[in-house]
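# Commentary on secondary and tertiary structure
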Amino acid sequence: QAAGGEPFYPVGIYGVNSSNDFAMVRDAGFNVVVGRAEQGYLDAAQAAGLKVLASPQTAAGPNFDQEAAGRAVKSFDAQPALWAWYLVDEPDFQEVPPEQVRDAQDMLKTLGAKKPTALVLYQGYEARDYGNITDILMVDRYPVPWLPLANFGQHVGYARLALGRDKPLLAVLQAFDWNSCP
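Attention here is on the structure that accompanies the text. (Residues numbered from 1 in each chain as written. Predicted model: local features only at pLDDT ≥ 70, side-chain atom pairs only at ≥ 80, totals over all residues. Heavy atoms only, no water.)

### Some points on the overall build of the chain
To keep it simple, the criterion reads: Helix and strand assignments follow DSSP, with helices taken as H or I runs no shorter than four residues and strands as E runs no shorter than two, numbered in order from the N terminus. In this setup the radius of gyration rests on C-alpha atoms only. A globule is expected at 2.2 Å times the number of residues raised to 0.38. When a residue's accessible area, from a 1.4 Å probe over protein chains only, is under 20% of the maximum for its type it is buried; when over 50% it is exposed; and in between it is partly exposed. Contacts are assigned to residue pairs with any non-hydrogen atoms lying within 4.5 Å of each other. Every accessible area reported is derived by Shrake-Rupley at a probe size of 1.4 Å, with residue values counting cover from the shown protein chains alone. Here Asp and Glu are counted as negative and Lys and Arg as positive; His is not counted, and neither are the chain ends. In plain terms, the charge of a residue is placed at NZ if it is Lys, CZ if Arg, CG if Asp and CD if Glu.
Summing up its helical and strand segments, the chain has 7 helices and 7 strands in all. Overall, the chain shows an N-to-C arrangement of helices and strands of β-α-β-α-β-α-β-α-α-β-α-β-α-β. Here the chain has a C-alpha radius of gyration of 16 Å; the compact-globule value for 182 residues is 16 Å, and the two agree. Overall size of the chain, expressed as C-alpha extent along the three principal axes, is 40 × 35 × 35 Å. Counting only residues that meet the buried cut, the chain has 45% of its 182 residues in that class. Residue pairs at least 24 apart in sequence account for 56% of intrachain contacts in the chain once pairs closer than 6 positions are excluded. Counting only carbon and sulfur atoms, one obtains 53% of the accessible surface of the chain, whose full area is about 9800 Å². With 14 positive and 21 negative side-chain charges, the chain shows a spacing of 6 Å between the two charge centroids.

### Regarding the packing of aromatic side chains
Quick note on the threshold: Two rings from Phe, Tyr or Trp (for Trp, the six-membered ring) form a pair when their centres are within 6.5 Å of each other. A pair whose planes differ by under 30 degrees is stacked, one over 60 is edge-to-face, and the rest are tilted. Whether a charge sits over a ring depends on NZ of Lys or CZ of Arg being within 6 Å of the ring centre and within 35 degrees of the ring normal.
One pass over the structure, following the stated rule, counts 5 aromatic pairs. Over the ring of tyrosine 122 we find arginine 141; its NZ or CZ atom is 4.3 Å from the centre of that ring.

### Side note on the pattern of salt bridges
Which entries qualify depends on this criterion: Just to be clear on terms, a salt bridge is a Lys or Arg side-chain nitrogen sitting within 4 Å of an Asp or Glu carboxyl oxygen.
Under the criterion given, the structure shown has 4 salt bridges. The residue aspartate 129 makes a salt bridge to arginine 128 at a minimum N-O spacing of 4.0 Å. For arginine 128, a relative accessible area of 56% corresponds to the exposed category.

### Regarding the pairing of strand β6 (residues 136–140)
It is a general feature of regular strands that their side chains alternate between the two faces of the sheet. As a reminder, the rule being used: Pairing between strands is defined by DSSP: at least two bridges between the two strands are required.
Of all 5 residues making up β6, 5 are buried, and the element is well covered by its neighbours. What you see with β6 is no split at all: Ile136, Met138 and Asp140 on one side and Leu137 and Val139 on the other are buried throughout. Pairing of strand β5 (residues 117–121) with β6 involves 4 bridges; the strand directions are parallel. Its bridge partner being in β6, leucine 119 is matched across the sheet by leucine 137. Strand direction decides the pairing type here: β6 and strand β7 (residues 169–172), joined by 4 bridges, are parallel. Looking across to β7, one finds that methionine 138 is bridged to leucine 170.

### Observations concerning the sheet that holds strand β2 (residues 32–35)
A sheet is described by the order of its strands in space; here 7 strands give the open sequence β1-β2-β3-β4-β5-β6-β7, paired in parallel fashion. Two strands lie at the open edges of the sheet, namely β1 (12–13) and β7, each paired on one side alone.

### What to know about the nonpolar core
The criterion, for reference: Note on terminology: a nonpolar core comprises buried Ala, Val, Leu, Ile, Met, Phe, Trp, Tyr and Cys residues joined through side-chain atoms within 4.5 Å.
Ranked by size, the top nonpolar core spans 40 residues in total, and within it Phe22, Val33, Trp85, Val101 and Leu137 carry the most contacts. Apart from the residues within four sequence positions on either side, phenylalanine 22 is in contact with Val16, Val33, Tyr41, Ala44, Ala45, Ala48 and Leu50. If you look at the next biggest cluster of nonpolar residues, it comprises 12 residues, including Leu53, Trp83, Ala118 and Leu170.

Rendered as C-alpha cells:
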C-alpha cells in the first residue's frame with residue numbers, strides 16, 4: 001500500500017548508485033530503487049517520486065551491527081521515501097542461518113522499525129526456512145545462460161507454495177553482463 005491507502009506494486013531496480021539517474025529510472029517505469037539509507041539519497045528519491053529499499057547499514061548474519069541498525073532506524077524509518085528495510089541478500093547462498101536472520105528482524109522491530117523488512121532468496125524452496133521471517137520475501141535466480149529460463153518460475157513457485165497466498169512475494173529478475181563476474 002502507498003500513502004493514503006492507494007495500491008502500490010513495486011517495480012524495482014538494483015544498481016542505481018547516483019541520484020542523478022532517478023528521473024531516468026522513474027521515466028523507465030520503475031518506482032523502487034535498491035539504495036542507501038542516507039538523507040541525501042532518500043530526499044532525492046522522494047523528489048523523483050521513487051521509494052527506496054535500503055539496508056539498515058548492516059546485514060543479518062554473524063556481523064549484524066545492532067548499533068548501526070539502531071542509528072539507521074532512528075534516522076530514517078520515518079522517511080517517506082523509505083519503502084522497506086533490506087535485511088540480507090541471499091542468506092541461503094551466503095549460508096546465513098535462518099536464526100540469525102530472525103535475530104536481525106527481531107532486533108530491527110525492537111529498535112522501533114515501522115517500515116516492512118525484506119530479504120531475497122536465491123533458492124525458492126528455502127522459503128520454507130526463511131520465508132516467514134521478514135514482511136516481504138523476494139526470489140532471484142540466475143538461469144541465463146546455464147539453466148532454462150523456466151528455472152526462474154519454478155523457484156518463484158516453490159517460494160509461493162512455502163509462503164501461502166497472503167505473504168508478499170516479489171520476483172527479482174536478473175539481467176546483466178556475466179563478463180563482470182567471470
